[in-house]
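# Tertiary structure, described
Each chain is listed here by its residues.
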Amino acid sequence: MDNEFSSRLYIGLEGHQEQVVTEELTASHLGSGSVSVFATPMMISLMEHTCERSVKPFLNEGDDTVGIHVNVSHDAACPVGMKVWCDSSLVDIDRRKLTFKVQVFCERGLVGEGTHERFIIHTEKFLAKIH
């Protein structure tokens, strides 16, 4: 890991985000299915958001993270109106690549789980390369 992050990021760093399933977050609304339940793309978005928010306070000014890999299962359905939440834990740091364990729950139990990788970028440099 780069020395500039070694004193701030650490294995075991945890994140937590929650939201309520609305119609806009369902498979039928997004077109990823025909049922009005929490959509897989929105579960993945919640996972990514949780990981991103957990490390943001530890980054240098002008730095951010981008998602580079997701390996998850979506194991249970959550209806509109139910609260869902994601818990993340930083499990590996390889220079600028961060690997997280992620789990999403609802009031009924485990919804989905897996791993998510993010890469630390310097935002200005990153944007300059894509333009």
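Because the structure is predicted, anything quoted here is derived from the model rather than measured.

Criteria and cut-off values
- The residue numbers shown here count from 1 along each chain, following its written sequence.
- Only residues with pLDDT of at least 70 get local features here, since the model is predicted, and only at 80 or more are side-chain atom pairs given and counted; chain-wide, interface and lining totals rely on the full set of residues.
- As a rule here, side-chain values cover all heavy atoms of the structure and leave hydrogens and water aside.
- Secondary structure elements follow DSSP: runs of H or I of four or more residues count as helices, runs of E of two or more count as strands, with numbering from the N terminus.
- Summary of the burial criterion: residues with accessible area below 20% of their type's maximum are buried, those above 50% are exposed, and those between are partly exposed, where the area comes from a 1.4 Å probe applied to protein chains only.
- The contact rule is simple, with two residues in contact once any of their heavy atoms fall within 4.5 Å.
- As used throughout, the charge tally considers Lys and Arg to be positive and Asp and Glu to be negative, leaving His and the chain termini uncounted.
- Note on charges: their place is set at NZ of Lys, CZ of Arg, CG of Asp or CD of Glu.
- Counted as a polar contact is a pair of N or O atoms within 3.5 Å, where, for protein atoms, one must be capable of donating a hydrogen and the other of accepting one, and residues adjacent in sequence contribute only when both atoms are in side chains.
- When DSSP finds two or more bridges between a pair of strands, those strands are recorded as paired.
- Lines are fitted to the C-alpha atoms to define the axes, a helix being fitted only along its stretch in contact, and any angle between axes, read from their N-to-C directions, falls within 0 to 180 degrees.
- When a carboxyl oxygen of Asp or Glu is within 4 Å of a side-chain nitrogen of Lys or Arg, the pair counts as a salt bridge.
- The rule is short: rings of Phe, Tyr and Trp, with Trp giving its six-membered ring, pair when the centres are within 6.5 Å, and they are stacked under 30 degrees, edge-to-face over 60, tilted in between.

The next thing to look at is the overall build of the protein chain. Helix and strand counts for the protein chain stand at 4 helices and 5 strands. In the protein chain, the order of α-helices and β-strands from amino to carboxyl end is α-β-α-α-β-β-β-β-α. Seen through its C-alpha atoms, the protein chain measures out along the principal axes to roughly 45 × 35 × 20 Å. Each of the 131 residues in the protein chain was classed as buried or not, and the buried ones make up 33%. Put simply, 65% of the contacts in the protein chain that link residues at least 6 apart link residues at least 24 apart. Averaging the positions of the 12 positive and the 19 negative side-chain charges in the protein chain gives two centres separated by 5 Å.

Turning our attention to the side chain of Ser54. As for its position among the elements, Ser54 is in helix H3 (residues 40-55). What makes Ser54 buried here is its relative accessible area of 8%. Side-chain polar atoms of Ser54 contact the backbone oxygen of Cys51, separated by 2.8 Å. Excluding anything up to four places from it in sequence, Ser54 contacts Leu13, Glu14, Gly15, Ser88 and Phe100.

Moving on, we get to the sheet that holds strand E5 (residues 109-122). Across the sheet, 5 strands lie side by side as E1-E3-E4-E5-E2; this open sheet has antiparallel pairing. The sheet terminates laterally at strand E1 (14-20) and strand E2 (63-74), the two strands that pair on one side only. Between one strand and the next, the sheet's axes are offset by a mean angle of 25°, whatever the strand orientation. In this sheet, E5 lies alongside strand E4 (residues 97-106) in antiparallel orientation, the contact comprising 10 bridges. Bridge pairing in E5 places Cys106 opposite Gly109. Packing of H3 onto the sheet brings it into contact with E1, E2, strand E3 (83-94), E4 and E5, and relative to E2 it is tilted by some 140°.

Here we take up the pattern of salt bridges. Applying the stated criterion across every chain, the model contains 6 salt bridges. The salt bridge partner of Glu52 is Arg53, with a shortest N-O separation of 3.8 Å. Take Arg53: its relative accessible area is 39%, and that puts it in the partly exposed class. Between Glu117 and Lys97 there is a salt bridge, with its nearest N and O atoms 4.0 Å apart.

Locating Ile11 in the fold gives a position in the loop between helix H1 (3-6) and E1. For Ile11 and Asp92, which are 81 residues apart along the polypeptide, the C-alpha to C-alpha distance reads 6.2 Å. Once residues lying within four places of it in the same chain are set aside, the contact partners of Ile11 are Leu90, Val91, Asp92 and Ile93.

Okay, the packing of aromatic side chains next. Taken as a whole, this structure holds 2 aromatic pairs when the rule is applied. Centroid distance Tyr10 to Phe58: 6.1 Å. Interplanar angle 85°. Geometry classified as edge-to-face. Of this pair, Tyr10 sits in the loop between H1 and E1 while Phe58 sits in the loop between H3 and E2, and the two are 48 residues apart along the sequence. Measuring from centroid to centroid gives 6.1 Å for Trp85 and Phe105, while their planes differ by 25°, and the two rings are stacked.

This part takes up the side chain of Glu52. Within the fold, Glu52 resides in helix H3. For Glu52, a relative accessible area of 14% gives the class buried. When sequence neighbours within four positions are dropped, the list of residues in contact with Glu52 reads Asp64, Thr65 and Arg118.

Geometric descriptors of this kind do not, in isolation, establish any biological role.
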